[in-house]
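Each chain is listed here by its residues.
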Amino acid sequence: MAIVSVGIDLAKNVFAVHGVDEAGKPALVRPSVARAKLLELIASLPPCLIGMEACSGAHRWAREFAKFGHTVRLMAPKFVIPYRLSGKRGKNDAADAAAICEAVTRPTMRFVPVKSLDQQGQLLVHRARQGFVEQRTATLNRIRGLLSELGIVLPLKAAVVRREALARLEDLPGWANTVIGDLLIEVSRLEACIAQVERELASVACLSPACTLRLSVPGIGLLTATALVAATSGEVTYFQDACHFSSWFGLTPREYGSGSCRYLGRISKKGDRYLRMLLTHGARSVLRAAKVAEGAGKDVCGIRRWALDVQGRSNHNKATCALANKLARICYATLRDHVPFDETARLTQKQSRQSFALPA
């Protein structure tokens, strides 16, 4: 019988392949396939369903396998674990491939969309910027630590560290002057690299209609818009609804319930940590600006008013997470309807509904 589904356990050099026929019996068991032979093996198979875990190199292999007419599905590794542990003991590459082959055929399985080469390139730009930022933070902390040995204690703010270290550079003795000077030069180089990466992201955003839609949402800036588009292909059709989209970032609360008892705990923190961080920072900036505007006596309305009300009932961190969740839902709506976010129109529509509901 022909092979209908194949599970592949990805690795760097040696792969495990497990295929089953229409009866569900193993028809292709290769616990050790060299990297150079994997593409040749898949090309020799008739068009079938191929499952893999979404890990390093998975999207590239998915694009290559699709060229031979195969249907490729990627899954989160945590969704494959139950099929490996069901009634079995031990873990090895062959068992992982068999579990992947079984998991990919489940009707309730959730899959990861295969990213294009352009999407992966945009995400690489974000990863490069993230690395530069981490290196800059580490270098600034190194400067603070070295200067503290000389009795110069500086605060955490990056601009203050650079200014104070540069101002006291000439007073440092001998090798201390040389070392701190070299570290300051390294900080300047890293900041130039970060600025260059952000210019590249700005050029990407100008050419993407999906980025333009998301930039209309308060709290969504250049980094968040480009990262969301690269991670979701600019489409949200494979998400059930806005709640499913926000839960993909780990911004929805964990639920513990039994019978009539329902308990909602803290946010799950699942999904992409980088995207969740960007959305949270954006929500924090919106909430901070709303507090400043309210303190200055300005009229605060819309989602800013809503966020301030949530903060009044709970606390700042809970209001930030709630606002980040709302921003994710708004991003989903803008891409679903292909229209920019217009808070003024929404407020006018809400006021008209309220006036209509008033008794005569």
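Preceding this paragraph is the structure being described.
Everything numeric here is computed off the predicted structure, so don't read it as measured data.

A. Local environment of the overall build of the protein chain. Scanning the protein chain from N- to C-terminus turns up 14 helices and seven strands. Taking the principal axes of the C-alpha coordinates as reference, the protein chain spans close to 85 × 75 × 45 Å. Long-range contacts, defined as pairs at least 24 residues apart, comprise 54% of the intrachain contacts of the protein chain with a sequence gap of at least 6. Only carbon and sulfur atoms are counted for the fraction: they give 55% of the accessible area of the protein chain, which is about 20400 Å². Charge-centre separation for the protein chain: the mean point of 50 positive side chains lies 5 Å from the mean point of 30 negative side chains.

B. A positive patch on the surface, seen in detail. A cluster of like positive charges, contributed by Lys 78, Arg 110, Arg 254 and Lys 270, occupies part of the molecular surface. Note that Lys 270 resides in the loop between strand E7 (261-267) and helix H11 (273-295). Since its relative accessible area comes to 43%, Lys 270 is described here as partly exposed.

C. Up close: the pattern of salt bridges. For the structure on display, the rule yields 13 salt bridges. Asp 309 is the salt-bridge partner of Arg 305, the closest N and O atoms lying 3.4 Å from each other. Of this pair, Arg 305 and Asp 309 both sit in helix H12 (residues 303-313), separated by four residues, roughly a single helical turn. For Asp 309, a relative accessible area of 35% gives the class partly exposed. Overlapping salt bridges bring together Arg 84, Lys 91 and Asp 96 as one network.

D. Fine view of helix H13 (residues 316-337). In a regular helix each residue adds 1.5 Å, so 22 residues correspond to 32 Å; H13 covers 31 Å between its end C-alpha atoms and thus fits that length. Taken residue by residue, H13 has Ala 319, Thr 320, Leu 323, Ala 324, Asn 325, Leu 327, Ala 328, Ile 330, Cys 331, Tyr 332, Thr 334 and Leu 335 as its buried positions. Lining the buried residues of H13 we find helix H8 (209-215), helix H9 (222-232), helix H10 (242-248), H11 and H12.

E. Region of interest: a nonpolar patch on the surface. Side chains of Leu 146, Trp 175 and Val 179 sit close together on the surface and give an oily, nonpolar patch of about 340 Å² of accessible area. Here Val 179 lies in helix H7 (residues 174-206).

F. Spatial organisation of the sheet that holds strand E2 (residues 14-21). Read across the sheet, five strands follow the order E3-E2-E1-E4-E5 without closing on themselves; strand pairing throughout is mixed. Looking along the sheet, the strands with just one partner apiece sit at the ends: strand E3 (26-34) and strand E5 (71-75). Strand-to-strand twist of the sheet, defined as the mean angle between neighbouring strand axes without regard to direction, takes the value 15°. Note: E2 against E3, six bridges, orientation antiparallel. Directly across from Val 17, in E3, lies its bridge partner Arg 30. In this fold helix H4 (residues 93-103) packs onto strand E1 (3-9), E2, E3, strand E4 (49-53) and E5, with an angle of close to 135° to the strand it touches most, E1.

G. Region of the structure containing the pairing of E1. Summarising burial for E1: six of the seven residues are buried, a large majority. Both E1 and E2 contribute to a ladder of six bridges, which runs antiparallel. Residue pairing for E2: Gly 7 is matched across the bridge by His 18. The hairpin turn running from E1 into E2, its antiparallel successor, is four residues long. In this structure, E1 lies alongside E4, joined through four bridges in parallel fashion.

H. Quick peek at the nonpolar core. Membership of the largest hydrophobic core comes to 44 residues, with the highest contact counts inside it found for Val 217, Phe 245, Phe 249, Leu 279 and Leu 323. Secondary-structure elements contributing two or more residues to this core are H7, H8, H9, H10, H11, H12 and H13. Considering every element that reaches this core, the biggest residue donor is H13, with nine residues. If sequence neighbours within four positions are ignored, Phe 249 has contacts with Leu 228, Lys 270, Leu 275, Arg 276, Leu 279 and Ala 328. Leu 28, Val 33, Cys 48 and Ile 50 belong to the second largest nonpolar core, which has 21 residues in total.

I. H11, seen in detail. For H11, spanning 23 residues, the distance from its first C-alpha to its last is 33 Å, which sits close to the expected 33 Å at 1.5 Å a residue. Among all positions in H11, only Tyr 274, Leu 275, Arg 276, Leu 278, Leu 279, Thr 280, Gly 282, Ala 283, Val 286, Leu 287 and Ala 290 are buried. Where H11 is buried, its residues meet helix H5 (117-149), H9, H10, H12 and H13. In this structure Asp 272 caps H11, since a side-chain oxygen of it lies 2.9 Å from the backbone nitrogen of Tyr 274. Gly 297, located one to two residues past H11, shows a positive phi value of around 85°.

About the thresholds
Residues numbered from 1 in each chain as written. Predicted model: local features only at pLDDT ≥ 70, side-chain atom pairs only at ≥ 80, totals over all residues. Heavy atoms only, no water. Helix = DSSP H or I, 4+ residues; strand = E, 2+ residues; numbered from the N terminus. Contact = heavy atoms within 4.5 Å. Areas by Shrake-Rupley, 256 points an atom, 1.4 Å probe, with all protein chains shown as cover. Lys, Arg positive; Asp, Glu negative; His and termini not counted. Charge placed at Lys NZ, Arg CZ, Asp CG, Glu CD. Patch = residues over 30% accessible without salt bridge, like charges linked within 9 Å, V, L, I, M, F, W, Y side chains within 5 Å. Salt bridge = Lys/Arg side-chain N within 4 Å of Asp/Glu carboxyl O. Buried < 20%, exposed > 50% of the residue type's maximum accessible area, 1.4 Å probe, protein only. Expected span 1.5 Å × (residues − 1). Pairing = 2+ DSSP bridges. Axes fitted to C-alpha atoms, helices over the stretch in contact; angles between N-to-C directions. Core = buried A, V, L, I, M, F, W, Y, C linked by side-chain atoms within 4.5 Å. Polar contact = N/O pair within 3.5 Å; in protein donor to acceptor, adjacent residues only side chain to side chain.

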